[in-house]
Amino acid sequence: MTEPADRGYSTSDVYKYLKAAVEMAAGPDQYQHAQLGELHNNIVDYATKKISAIRPPSVKVIVTCTIVQNTDAGFHISNSTHWDDDRDSLVTYQFQNKSMTVVVTAYLVQS
Amino acid sequence: MGSELAAPGYMHRLREPAAAAMVRDILQRELGAAEYPGDQAADVGRRLGALIEQRLAAEPGWARYKFIANIVLLGAGAGARMGVSSLWDPHADHVVHESLTTPRLRCVAAVFAVCVY
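Residues numbered from 1 in each chain as written. Chains lettered and ligands numbered in written order. Predicted model: local features only at pLDDT ≥ 70, side-chain atom pairs only at ≥ 80, totals over all residues. Heavy atoms only, no water.

## Details of the environment of alanine 20 of chain B
Residue and element names in this part refer to chain B.
(1) Moving on: Relative to the helices and strands, alanine 20 resides in helix α1 (residues 16-31).
(2) Moving on: Owing to a relative accessible area of 11%, alanine 20 belongs among the buried residues under this scheme.
(3) Moving on: Each C-alpha atom of the pair alanine 20 and glutamine 54 lies 14 Å from the other, and the pair is 34 residues apart in sequence.
(4) Moving on: Non-local contacts of alanine 20, meaning those with residues more than four positions away in its chain, are made with Val96 and Glu98. (Helix = DSSP H or I, 4+ residues; strand = E, 2+ residues; numbered from the N terminus. Buried < 20%, exposed > 50% of the residue type's maximum accessible area, 1.4 Å probe, protein only. Contact = heavy atoms within 4.5 Å.)

Put into structure tokens, the structure is as follows:
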């Protein structure tokens, strides 16, 4: 992961917080749809709070979290951006256990 | 301090219903009654994302926005949950999401429009 030179934050740190958010919140291996809301909120709240502390005030942050049950049905997540490649960043972390896949993405956009 | 620090005025503010209609139109045109594209999912998702952000960026009056299109393609039968949290200006920034469901496919498109001051 190449480090942006002067954006005021480190994408390595953002990745570290995304990873920590998921690993802290991920629970038992069994997929339980009724508990996804709490799992999702824990991940997103933690990641947003940590990233907010390291970013300059002029950088806006968007954190998305997608949790998918592992079945024979496929899934795919894509991103497309119209922004400044030199000033904006996308950091993503993927976690998988026996029952689910969690993909959390942080977009940091210079305003 | 000048107007460049203010949120866009009425004529240059993104209108969420109009943006949602554009996204919906692209999903219906490109996916129609499709099935989950399997090995082509990456190409399909990438194409949808590019079409959406290019369409919105081309809209006159929305030049002050940066766009992020997040496309999720799901085959039938899997449980899923998506959500987002943002630290931005609620008066200037916007999110639009549309979904298309067929018997074999669900596609969710979330578009974030971030205003540049």
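After presenting the structure, the write-up continues.
## Some thoughts on helix α1 (residues 11-25) of chain A
Residues and elements named next belong to chain A.
(1) Moving on: For α1, built from 15 residues, the straight-helix expectation of 21 Å at 1.5 Å per residue is met to within 8% by its first-to-last C-alpha distance of 21 Å.
(2) Moving on: Those residues of α1 that sit buried are Thr11, Val14, Tyr17, Leu18, Ala21, Val22 and Ala25. Viewed end-on, α1 has its buried residues packed into an arc of 130 degrees, placing them on one side of the element.
(3) Moving on: As for α1, its buried residues are in contact with α2 (36-54), β3 (89-96) and β4 (100-110).
(4) Moving on: One side-chain oxygen at the N-terminal end of α1 lies 3.2 Å from the backbone nitrogen of serine 12; it belongs to serine 10. (Expected span 1.5 Å × (residues − 1). Arc of directions from axis to C-beta. Polar contact = N/O pair within 3.5 Å; in protein donor to acceptor, adjacent residues only side chain to side chain.)

## Let's talk about the interface of chain A and chain B
(1) Moving on: In this complex, chain A contributes 37 residues to the contact, which on the side of chain B involves 40 residues.
(2) Moving on: Carbon and sulfur atoms supply 56% of the area that chain A and chain B bury against each other, a total of about 3100 Å² over both sides.
(3) Moving on: Connecting chain A to chain B are two salt bridges.
(4) Moving on: Where chain A touches chain B, the interface holds 24 residue pairs in polar contact (both at pLDDT 80 or more).
(5) Moving on: Counting only elements with at least two residues in the side of chain A that touches chain B, the list comes to α2, β1 (59-69), β2 (75-82) and β4 of chain A.
(6) Moving on: Broken down by element, the residue count for the side of chain A that touches chain B peaks at ten residues, all from β1 of chain A.
(7) Moving on: Residue composition of the side of chain A that touches chain B, grouped by class: 15 nonpolar, 18 polar and four charged.
(8) Moving on: Bridge analysis of β1 of chain A against strand β2 (residues 80-87) of chain B gives eight bridges, and the strand direction is antiparallel. Looking at β2 of chain B, one finds that isoleucine 67 of chain A is bridged to arginine 81 of chain B. (Buried area = accessible area lost by both parts, 1.4 Å probe. Salt bridge = Lys/Arg side-chain N within 4 Å of Asp/Glu carboxyl O. Nonpolar A, V, L, I, M, F, W, Y, C, P; charged D, E, K, R; others polar. Pairing = 2+ DSSP bridges.)

## Topic: the sheet that holds strand β3 (residues 94-102) of chain B
(1) Moving on: Pairing within the open sheet is antiparallel, and its four strands lie in the order β2(A)-β1(B)-β4(B)-β3(B). Every other strand in the sheet has two partners, leaving β2 of chain A together with β3 of chain B as the edge strands with one partner each. Sheet twist, expressed as the average angle between the axes of neighbouring strands with direction ignored, equals 10 degrees.
(2) Moving on: In this structure, β2 of chain A lies alongside strand β1 (residues 65-75) of chain B, joined through eight bridges in antiparallel fashion. Looking across to β1 of chain B, one finds that isoleucine 77 of chain A is bridged to valine 72 of chain B.
(3) Moving on: Contacts between α1 of chain B and the sheet are confined to β1, β3 and β4 (105-115) of chain B, with β3 of chain B contributing the most and set at about 30 degrees to the helix. (Axes fitted to C-alpha atoms, helices over the stretch in contact; angles between N-to-C directions.)

## Points about the sheet that holds β2 of chain B
(1) Moving on: On the basis of which strands lie adjacent, the open sheet formed by four strands has the order β3(A)-β4(A)-β1(A)-β2(B) and antiparallel pairing. The open sheet has two free edges, formed respectively by β3 of chain A together with β2 of chain B, since each of these has just one partner strand. Going across the sheet, the axis of each strand differs from the next one's by a mean of 10 degrees, ignoring polarity.
(2) Moving on: For β3 of chain A and β4 of chain A, the ladder comprises eight bridges, and the chain directions are antiparallel. Looking at β4 of chain A, one finds that valine 91 of chain A is bridged to alanine 106 of chain A.
(3) Moving on: Lying over the sheet, α1 of chain A contacts β3 and β4 of chain A, oriented at roughly 30 degrees with respect to β3 of chain A.
(4) Moving on: Where α2 of chain A meets the sheet, it contacts β1 and β4 of chain A together with β2 of chain B, and its direction lies at approximately 25 degrees from that of β2 of chain B.

## Considering α1 of chain B
Residue and element names in this part refer to chain B.
(1) Moving on: The end-to-end C-alpha distance of α1 is 22 Å, a good match for the 22 Å that 16 residues give at a rise of 1.5 Å each.
(2) Moving on: Elements in contact with the buried residues of α1: α2 (41-57), β1, β3 and β4.
(3) Moving on: Where α1 ends, the next residue or the one after it, glycine 32, has phi of about 55 degrees, a positive value.

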